[in-house]
Amino acid sequence: MPRKVRDEMDDRNFHVNEGDVMTEEARRKAASENLARRRQELRKQKKRRRVATRLILPGLILALILMFVIVRTLRSNHTERNEKTAEAVEKSKTEGEIIIGLKGSQVQLVLKGDPYIENGAFAIDTENGAIDQDEIKIKGKVDTETPGDYEVKYIVRDGWSKITATRTVRVLSKKEFGDKAKDVPVLMYHWVYTKKKVPKELDANWILKKDLDKQMAYLEENEFYYPGWKELRAWVDGEISIPAKCVVVTFDDGKKEFLKYGIPVLEKHHVPATSFMICWEDNDALRKLKKYASPYVDFESHTYAMHQKTTNNTGYKGVAPEMKPEEISADLAKAREVVGTNDAFAYPYGELTDDLVDAVRNQGFQCAVTTEYDRVRQGADPMKLPRVRVIGDGSFESWKASVY
Ligand SMILES: [Zn+2]
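Just so you know, these numbers come straight off a predicted model, no measurement behind them.

Visitor: I tried to follow the overall build of the protein chain on my own but got confused; where do I start?
Guide: In terms of helices and strands, the protein chain carries 10 helices and 18 strands. In the protein chain, buried positions account for 36% of the 404 residues.

Visitor: Got a minute to help me understand the environment of Glu127 in this structure?
Guide: For Glu127, the position within the fold is in the loop between strand S3 (121–125) and strand S4 (129–131). In this structure the C-alpha to C-alpha distance between Glu127 and Glu97, which are 30 residues apart in sequence, comes to 7.0 Å.

Visitor: What's the story with helix H5 (residues 229–236) in this structure? I'm lost.
Guide: For an α-helix, 3.6 residues make a turn, and residues three or four places apart therefore share a direction. Extensive coverage of H5 is indicated by the burial of seven of its eight residues. Taken residue by residue, H5 has Trp229, Glu231, Leu232, Arg233, Ala234, Trp235 and Val236 as its buried positions. Tucked inside the fold, the buried residues of H5 contact strand S8 (183–184), strand S12 (248–253), strand S15 (344–346), strand S16 (367–373) and strand S17 (376–377). Count one or two residues on from H5 and you reach Gly238, which has phi positive near 80°.

Visitor: So what exactly am I meant to see when it comes to the sheet that holds strand S7 (residues 161–172) here?
Guide: Each strand in a sheet pairs with another by means of backbone hydrogen bonds, the pair being arranged parallel or else antiparallel. If you trace the four strands from one edge of the open sheet to the other, you get S2-S7-S6-S5, paired in mixed fashion. One side of each edge strand has no neighbouring strand; the edge strands of this open sheet are strand S2 (107–111) and strand S5 (137–139). The mean angle between the axes of side-by-side strands here comes to 25°, regardless of whether they run parallel or antiparallel. For S2 and S7, the ladder comprises five bridges, and the chain directions are parallel. Within S7, the position partnered with Leu109 by the bridge is Arg170.

Visitor: Just to check I follow, could you spell out the packing of helix H4 (residues 209–221) against helix H6 (residues 256–268) for this structure?
Guide: The angle between the axes and the distance between the axes are what describe a pair of packed helices. Running from N to C, H4 and H6 cross one another at 25°; their axes reach a closest spacing of 10 Å. Between H4 and H6, the angle falls in the class roughly parallel. H4 and H6 meet at a crossing whose hand is right-handed. Of the residues in H6, those touching H4 at Lys209, Leu212, Asp213 and Met216 are Tyr261, Gly262, Val265 and Leu266. Here the contact of H4 with H6 is composed, by residue class, of five nonpolar, one polar and two charged.

Visitor: Explanation requested: the confidence of the model for the protein chain in the structure shown.
Guide: Reading fine detail from the predicted coordinates is not recommended where pLDDT is low. In this model, the protein chain carries a mean pLDDT of 88, and residues with pLDDT of at least 70 account for 86%. Within the model, the stretch residues 1–19 combines pLDDT values under 50 with one contact to residues more than four positions away or in other chains. Between residues 91–95, whose pLDDT stays under 50, and residues either more than four places distant or in other chains, the model counts 12 contacts.

Visitor: Sorry if this is basic, but what is going on with the environment of Asp203 here?
Guide: By the element assignment, Asp203 lies in the loop between strand S10 (191–193) and strand S11 (206–208). Once the C-alpha coordinates of Asp203 and Ile391 are considered, the two residues, 188 residues apart in sequence, prove to be 8.9 Å apart.

Visitor: Would you mind showing me how to read the packing of helix H8 (residues 325–339) against helix H9 (residues 354–362) here?
Guide: As a packed pair, H8 and H9 sit with axes 9 Å apart at the nearest point and diverge in direction by 45°. Classed by the angle they form, the pair H8 and H9 counts as oblique. As for how H8 packs across H9, the hand of that crossing is right-handed. Here Pro325, Ile328, Ser329 and Leu332 of H8 come into contact with H9, specifically with Asp355, Leu356, Asp358, Ala359 and Val360. Its residues assigned to classes, the contact of H8 with H9 shows six nonpolar, one polar and two charged.

Visitor: Just to check I follow, could you spell out the pairing of strand S1 (residues 98–102) for this structure?
Guide: Here is the key point about a regular strand: its side chains alternate between the two faces of the sheet. With five of five residues buried, S1 lies mostly within the body of the structure. The alternating pattern of S1 places Ile98, Ile100 and Leu102 on one face and Ile99 and Gly101 on the opposite face, and all of these are buried.

Conventions adopted
- Residues numbered from 1 in each chain as written.
- Predicted model: local features only at pLDDT ≥ 70, side-chain atom pairs only at ≥ 80, totals over all residues.
- Helix = DSSP H or I, 4+ residues; strand = E, 2+ residues; numbered from the N terminus.
- Buried ≥ 20, exposed ≤ 12 C-beta atoms within 10 Å, placed from the backbone.
- Contact = placed C-beta atoms within 7 Å.
- Pairing = 2+ DSSP bridges.
- Axes fitted to C-alpha atoms, helices over the stretch in contact; angles between N-to-C directions.
- Parallel < 35°, antiparallel > 145°, perpendicular 65-115°, else oblique.
- Left-handed = near helix turned anticlockwise from the far one by under 90°.
- Nonpolar A, V, L, I, M, F, W, Y, C, P; charged D, E, K, R; others polar.
- pLDDT = per-residue confidence, 0-100.

In structure tokens, the structure reads:
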């Protein structure tokens, strides 16, 4: 090999060798740099993964909350729509602690040209008891000269919110109004029982829930009209007409067995009724009012503490005939505080004396009912209205005859 070539080769070799040495170092450097970069990359990846896992859970929770909110909104929209179509009285029941109901029929029927009688409403605060009827605001105008539907609103304020019930007043022509009532049955019930819980001393004052249900279903199916007490009074006084197919439903005493088993039946069939409540503590009246408040039950007075049997030989069952007029008035005023109204009154044991009748009249009651068996007729004394006693174990046919 010529030297030059060898030199050159050596040179190359040398260079190659030198180059090899440098590359080794560079490689090592590069490798360590690479390692550092990879480590950094790994750290970044790890960090990203950590951030990701930290985000997944809250993200999931957020998604769940969102889904929940969407479902809730959809559902509440649905409920709102349902509520709007439901009757006003039922709406008022869902709105909170104040239950407001209309006295008399939800749709009040007025013969063209008759005066409009304002039946009013009642309201119960389920925490505090009855709200006095004078505190219920009434809005709406009825032109009884022009047939058609009118709206009357009953408003109770509860702090910032308003609870409202709405009545439709339907003014009808003579032809539309049809037959007028010649007499009005005021049905008198007492207590309701179920087959599972038969009372020990079962008498005619007790009615089986199933039988009451059949009767109330009949009233609903046959579209009976339920005049309010003020309407009944105006009719008795000859001021207005009432449709022939009508009935007033009352339950005496406010016993738990009516409240618990009877009220659901009234609600089911949309029958407004009056519960004549014995208002004193011994009957636990305030608690019962709050617990069983219903837009279908108007609690009226059956006295505060006069519904007690006398121990004296007076010829009367109860203590009322022994009481002085001022004692009677004080008792009636106390009862009014409990029920918040004085539209109707039921005499304890159906017993009445002149003093008692005078006191009831002076307290401003529209109607007072006895236990005398009859239908109410025009021209009757509004402070002594008879009733139709419903015999608990009577036949359905005989009951039907009593309402027609
Ligand atoms: Zn009674």
